[in-house]
Amino acid sequence: MKKFVGAAFIMLLTVLIWSCNEPAATKDIKGDSLSGDLIIFHAGSLSVPIKEVCDSFTKLHPGVKILSEAAGSKDCARKISDLKKPCDVMLSADYFVIDQLLIPEFASWNIHFATNEMAIVYHEKSRYANEITDKNWYEILMKKDVAFARSNPDSDPCGVRAVLTTMLAEIYYQKNGLSSQLLNKDMKYMRPKETDLLALLESNAIDYIFLYRSVAIQHKLKFVTLPDEINLKSAAFADYYSQVSVETLGKKPGEKITEVGAPMVYGLTIPKNAPNPAVANAFVDYILSPAGCRIMEKHGQPAIVPAETRSFTAIPESLKKYALAPKSKL
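From a predicted model like this one, the values you see are computed outputs, not experimental measurements.

Calculation rules
- Residues numbered from 1 in each chain as written.
- Predicted model: local features only at pLDDT ≥ 70, side-chain atom pairs only at ≥ 80, totals over all residues.
- Heavy atoms only, no water.
- Core = buried A, V, L, I, M, F, W, Y, C linked by side-chain atoms within 4.5 Å.
- Buried < 20%, exposed > 50% of the residue type's maximum accessible area, 1.4 Å probe, protein only.
- Contact = heavy atoms within 4.5 Å.
- pLDDT = per-residue confidence, 0-100.
- Phe/Tyr/Trp six-rings, centres within 6.5 Å; stacked < 30°, edge-to-face > 60°.
- Helix = DSSP H or I, 4+ residues; strand = E, 2+ residues; numbered from the N terminus.
- Arc of directions from axis to C-beta.
- Pairing = 2+ DSSP bridges.
- Axes fitted to C-alpha atoms, helices over the stretch in contact; angles between N-to-C directions.
- Parallel < 35°, antiparallel > 145°, perpendicular 65-115°, else oblique.
- Left-handed = near helix turned anticlockwise from the far one by under 90°.
- Nonpolar A, V, L, I, M, F, W, Y, C, P; charged D, E, K, R; others polar.

S.K.: What is the right way to read the nonpolar core from this model?
M.R.: Taken as a class, soluble globular proteins show a tendency for nonpolar side chains to be buried jointly. Within the largest apolar cluster, 85 residues are counted, with the highest numbers of intra-cluster contacts made by W137 and F283. Dropping the residues within four chain positions of it, W137 is found in contact with I120, I132, A169, Y173, L182, F210 and L226. Ranked by size, the runner-up nonpolar core spans 16 residues in total, among them F41, I80, L101 and L102.

Shown next, in the form of structure tokens:
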């Protein structure tokens, strides 16, 4: 009898110890009430980190099926505003896209969550790969036997930033006409979004890309780090960047938007037409949490949470901890 009681006690103790050490993910799964489809529209430059975030999120919430779709940020916004496609979470490579194309009709708020920088991206087979530097990159790109590409500024923030980068380079290097020379060369290689350009590089159809540093890191490509006066990375150069601007298509046919040079800031929102707002809120909470920010930083996109946003008062109470009320007009 004593042996039986002793064995039972040991078994009970083992179960209690195992229960106390049960992984958090398993505990969350047992009591999880989240389920259904989660539709995400996101910038192409976010494809790699978003996939990892989605994988981690669905381990915590196995009842959720994520349907993610990458496109140029402006195209993502127009799917919501023009095509009226259902979307639970929209993540843009430029917070300006959400402010200008979605707020206030299709979304109420915008949380700024990450940053990036422009670079000249290439691989070992690119012509002059052993010669290109941050001092001669524009000379290399202008060579007749070199082909380079950029994305379309009317559909993709990276395309806008490529144009702004060439304008800033003209000022920084004091080379009159440099921007127009670069922008008018190799236009046949322009594509809707920046990640479309990778296939051209991998097939050796082009040698270089105006691209985000994060995408180069994610795809293990070489890149030229540009001066901070050019790369749109540093908040310290905000006034310097504002010297240049580019016009792009607006909400309506024929309408134009003026986009002024500014430090890169990614933004996200839950559209008003979100079919699964509870799951959308949980997903946004996860990507902005320390776990989500670590994934972003791992893939070359430093988190800036919390950051100021002019739409702070409209942010759901549960997410306001990830943003700051503006101290001045943004």
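That shown, we press on.
S.K.: Is there a simple way to explain the confidence of the model for the protein in this structure?
M.R.: For any part of a model where pLDDT is low, the fine detail of the predicted coordinates should not be relied upon. This prediction gives the protein a mean pLDDT of 90; 90% of its residues lie at or above 70. Ignoring residues within four places in sequence, the model shows residues 1-30, a span with pLDDT below 50, making nine contacts including any to other chains.

S.K.: Sorry if this is basic, but what is going on with the packing of aromatic side chains here?
M.R.: In this description, an aromatic ring pair is defined by two values, namely the gap between the centres and the angle between the planes. By the definition in use, this model includes 13 aromatic pairs. Considering the side-chain rings of F57 and F283, the 5.4 Å spacing of their centres and the 80 degrees angle between planes classify their relative orientation as edge-to-face. Here F57, found in helix α3 (residues 47-60), pairs with F283, found in helix α12 (residues 277-288); they are 226 residues apart in sequence, far enough to count as distant. A relative accessible area of 1% means that F57 is categorised as buried. An aromatic cluster is built from W137, Y138, F148, Y172, Y173 and F210, whose rings are joined through pairwise contacts.

S.K.: Can you help me understand helix α4 (residues 73-81) in this one?
M.R.: Each full turn of the α-helix corresponds to 3.6 residues, which orients residues three or four apart in the same direction. Taking burial as the measure, the nine residues of α4 include eight buried ones, the bulk of the element. Considered for burial, the residues of α4 that qualify are S73, K74, C76, A77, R78, K79, I80 and S81.

S.K.: Explain helix α13 (residues 290-298) to me, please; I cannot follow it from the model alone.
M.R.: Buried residues of α13: G292, C293, I295 and M296, and no others. Looking straight down α13, one finds that the buried residues subtend no more than 155 degrees of arc, so they occupy a single side. Exposed residues lying more than 90 degrees from the buried face of α13 are P290, R294 and K298. Check the buried side of α13 and you find it contacts α3, β4 (111-114) and α12. Of the residues trailing α13, G300 is marked for its positive phi of about 85 degrees.

S.K.: How do you make sense of the side chain of D207 when you look at a structure like this?
M.R.: Mapped onto the fold, D207 is located in the loop between α9 (197-202) and β7 (208-212). When residues no more than four places from it in sequence are discounted, the contact partners of D207 are V121, Y122, S126, R127, D145, V146, A147 and L201.

S.K.: Any chance you could explain the sheet that holds strand β6 (residues 148-149) here in plain terms?
M.R.: Strands pair in a sheet through their backbones, by hydrogen bonds, and they do so in one of two ways: parallel or antiparallel. Strand order in the open sheet formed by four strands is β6-β7-β5-β8, and the pairing between neighbours is mixed. The two strands at the open ends of the sheet, each matched to only one other strand, are β6 and β8 (222-225). Bridge count between β6 and β7: two bridges; the pairing is parallel. Its bridge partner lying in β7, A149 is registered against I209. Each of β5 (118-122) and β7 touches helix α7 (residues 157-172); the most contacted strand, β7, lies at about 110 degrees to it.

S.K.: Got a minute to help me understand the packing of α3 against α13 in this structure?
M.R.: A pair of packed helices can be characterised by two numbers: the angle between their axes and the separation between those axes. Taken N-terminus to C-terminus, the directions of α3 and α13 make an angle of 150 degrees; their axes are 9 Å apart at the nearest point. Comparing their axes, α13 and α3 come out roughly antiparallel. In terms of crossing hand, the pair formed by α3 and α13 is right-handed. Of the residues in α13, those in contact with P49, E52, V53 and S56 of α3 are I295, M296 and K298. Split into classes, the residues belonging to the contact of α3 with α13 amount to four nonpolar, one polar and two charged.

S.K.: What's the story with the side chain of S126 in this structure? I'm lost.
M.R.: Turning to its location among the elements, S126 is positioned in the loop between β5 and α6 (137-141). Residues within four places of S126 in sequence aside, it is in contact with L201, D207 and Y208.

S.K.: What exactly am I supposed to notice about the sheet that holds strand β11 (residues 266-269) here?
M.R.: Across the sheet, five strands lie side by side as β2-β1-β3-β11-β4; this open sheet has mixed pairing. Sheet topology places β2 (64-71) and β4 at the edges, where each strand pairs with a single neighbour. Each strand of the sheet is rotated relative to its neighbour by a mean of 25 degrees, with strand direction disregarded. Against the sheet, α3 engages β1 (36-43), β2 and β3 (89-92), with an angle of about 175 degrees to β2.

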